[in-house]
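Chain by chain, the residues run as shown.
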Amino acid sequence: MSRRNLTFVCQNCGAVYGRWQGKCDACGEWNTMSEEGGETGVGARPVGPGRPPRKGRSFPLEPLAGTTHEAPRLPTGIAEFDRVTGGGFVRGSVLLLGGDPGIGKSTLLIQAVAALARLGHRAVFISGEEAVAQVRLRAERLGLGGAKVELAAETSVEDIVATLSEGATPRLVIIDSIQTMWTDAVEAAPGTVTQVRGSAQALIRFAKRCGAAVILVGHVTKDGQIAGPRVVEHMVDAVLSFEGEGSHQFRILRAVKNRFGPTDEIGVFEMTGLGLREVTNPSELFLSERDLGSPGTAVFAGIEGTRPLLVEIQALVAPTSLGTPRRAVVGWDTSRLSMVLAVLQAHCGINLGGHDVYLNVAGGLRIVEPAADLAAAAALVSSLAQAPLPADAVYFGEVSLSGAVRPVAQAAARLKEAQKLGFARAVMPDAARAEAGETALALTSVAMLADLVAGIAATGKKAGGRQHRDDREDG
Ligand code: TYD
Ligand code: MG
């Protein structure tokens, strides 16, 4: 009579099927189906015919205009971390920290947990990956040996919850990592989507019940997804991602989702021999290795969240030997590059169909702002014309498909940061001029991308230069 409840779960996206199939209809991946029994989560198991539906319990409904206390925050004192969480951890909230292996997730969290312990809060670090001795050794090397952090190497969620429920409620619990955890409530091998989801569910329930903030560490696969638990991203209150280039010391903490704070702030760290160091003035860092006077580089005056950030954009345009020229981008959007190239061709008479194009944002930063269009275009044209851009100029502005340079938000903040770092001029949208306010910078405003291109090309030829001079007089 009792049929075993077998379901097949896609290990990529977590979609549930009643029978095996080669391709997941939900995410389109092949060979990701795995057989799993028992609890498979919401919607996995229809209510059997023998089981009467449970009678619901009534609960009080509340008016929207009630009194709600501001979510109590628990700041770590690590300013770059607190900025990204929105001012500290919220009680009873669960946060997922994703990142490539070896990027420094464990290092960041042991520093955060030690900082809280130093402030007198009960803070617990549960490692499912490293032995207690390893964690302790690292903490000692980072000079955190004196902090009263409670440490354990455990992987059973039931044991962890039972242990943490004893005594005073911990304020912060680190689970490193969610992929190593397993719960008895599900019959599936550790590391499968079902186990990861089941463990996360149990830990979330624990956090909500006792009010502790819980941080789950999640590994990221090659293509940048948090491995397995895509589903976990929807269950937690905030998802942070820790990014960086292997060859650079800079690490960037970014909120991908945040129920209690902003998602556009970034925290910048530097990995040193003594752990992660906060970088309070990232512009200085991103501009520290500038290659002055060579063609193909432009400084972009950007905004990340509430903070202005200057960063160098490097371009290389070279004749191609391939049938289809290469377009390689690091730190920027490939489709955005295609758009800028198309505008350059359609409105400025610059055809790069026979050239390979490489674009790189220095320092391992990833830019998402459209305001970077103008700086990218300047770098591209500068490389093509072999004309170095002035070393003391910053660029910002969005380029529209019509070839016009459109205004962007917070022009004044961008100019202020540029001035602070010793820049003398700014090339910006004509329409943003009114917004710029008082500034000591010489402003060159461009209305059409073609104006900028003509100016750069003119300096390249070192002749004529009429258009460019006109522009400067304008500013
Ligand atoms: P780790 O925090 O273990 O990474 P994750 O938990 O994300 O896998 O960081 C490991 C890397 O960080 C390793 O390559 C060594 C480097 N590191 C330093 O450069 N300095 C340090 O003080 C520490 C602790 C690690
Ligand atoms: Mg680790």
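Along each chain, the written sequence defines residue order, and numbers are assigned to residues from 1. Just so you know, chain letters begin at A and ligand numbers begin at 1, following the order they were written in. In view of the model being predicted, local features appear only for residues whose pLDDT reaches at least 70, and side-chain atom pairs are presented and counted only at 80 or more, with totals across whole chains, interfaces and linings using the full set of residues. Side-chain numbers here rest on the full set of heavy atoms in the structure, without hydrogens or water.

Topic: the overall build of the chain
A run of H or I in DSSP counts as a helix once it spans at least four residues, and a run of E counts as a strand once it spans at least two, with each numbered from the N terminus. Regarding its fold elements, the chain presents 13 helices and 23 strands. The classification of residues rests on relative accessible area computed with a 1.4 Å probe and restricted to protein chains. Under 20% of the type maximum is buried, over 50% is exposed, and intermediate values are partly exposed. With 475 residues in all, the chain has 49% of them scored as buried. Here, residues are in contact when the closest pair of their heavy atoms is within 4.5 Å. In the chain, once contacts between residues fewer than 6 apart in sequence are set aside, the share between residues at least 24 apart is 67%. For the accessible areas, the method is Shrake-Rupley and the probe is 1.4 Å, while residue cover comes only from the protein chains on display. Total accessible area computed for the chain in this model is approximately 22,600 Å², and 53% of it derives from carbon and sulfur atoms.

Side note on the nonpolar core
Take the buried Ala, Val, Leu, Ile, Met, Phe, Trp, Tyr and Cys residues and link them wherever side-chain atoms come within 4.5 Å; each set so joined is a nonpolar core. Of all hydrophobic cores here, the largest spans 68 residues; its most connected members are Leu344, Leu380 and Leu449. Counting residues per element, this core draws most heavily on helix α9 (residues 373-385), which supplies 8 residues. Setting aside residues no more than four positions away along its own chain, Leu380 makes contact with Ala315, Val317, Leu337, Val340, Leu341, Leu344, Val357 and Leu359. If you look at the next biggest cluster of nonpolar residues, it comprises 37 residues, including Phe89, Leu95, Ala112 and Val217.

Thoughts on the side chain of Glu369
Tracing the backbone shows Glu369 in the loop between β18 (355-361) and α9. By relative accessible area, which is 16% here, Glu369 ends up buried. There is a polar contact of 3.0 Å between the side chain of Glu369 and the backbone nitrogen of Ile303. The contacts of Glu369, once residues within four sequence positions are left out, are Phe300, Gly302, Ile303, Trp332 and Arg414. Counting of polar contacts relies on pairs of N or O atoms within 3.5 Å, with two restrictions inside protein: one atom must be capable of donating a hydrogen and the other of accepting it, and residues adjacent in sequence are counted only when both atoms are side-chain atoms.

A closer look at the sheet that holds strand β23 (residues 442-446)
Spatially, 7 strands are ordered β17-β18-β16-β15-β19-β22-β23 in an open sheet, and the strand pairing comes out mixed. Either end of the sheet is taken by a strand with one partner, and the two such strands are β17 (327-330) and β23. With strand direction ignored, the average angle separating the axes of adjacent strands in the sheet is 25°. Relative to strand β22 (residues 425-429), strand β19 (residues 393-395) runs parallel, the two being bridged by 3 bridges. Within β22, the residue paired with Tyr395 across the bridge is Val427. Here an angle of 0 to 180 degrees is reported between the N-to-C directions of two axes, which are lines fitted to C-alpha atoms, with helices fitted over the stretch in contact. Most of the contacts of α9 go to strand β16 (residues 307-319), to which it runs at about 30°, and overall it touches β15 (297-304), β16, β18, β19, β22 and β23. Seen against the sheet, helix α10 (residues 411-420) touches β15, β16, β19, β22 and β23 and runs at an angle of roughly 125° to β15. Only strands that DSSP links by at least two bridges are regarded as paired with each other.

Regarding the side chain of Lys105
Counting through the fold element by element, Lys105 comes out in helix α2 (residues 105-118). Residues scored as positive are Lys and Arg, those scored as negative are Asp and Glu, and His as well as the terminal groups of each chain are ignored. Counted as salt bridges are all cases of a side-chain nitrogen of Lys or Arg within 4 Å of a carboxyl oxygen of Asp or Glu. Buried and unpaired, Lys105 has Asp176 as its nearest opposite-charge partner, separated by 6.7 Å. Among all residues touching Lys105, those that are not within four sequence positions of it are Leu97, Gly98, Gly99, Asp100, Val217, Gly218, His219 and Phe242.

Notes on the pattern of salt bridges
In a structure, side chains of opposite charge can pair up when their charged atoms sit close to one another. Within this structure, the stated rule accounts for 16 salt bridges. When the shortest N-O distance is used, the salt bridge between Arg307 and Glu80 registers 3.2 Å. Linking Arg307 in strand β16 with Glu80 in helix α1 (residues 79-85), this pair joins segments that are 227 residues apart in sequence. A single burial state applies to Arg307 and to Glu80, both of which are buried. The shortest N-O distance in the salt bridge between Arg277 and Glu270 comes to 2.5 Å. Given the relative accessible area of 42%, Arg277 is considered partly exposed. Here the salt bridges share partners, and the residues they tie into one network are Glu243, Arg254, Glu304 and Arg366.

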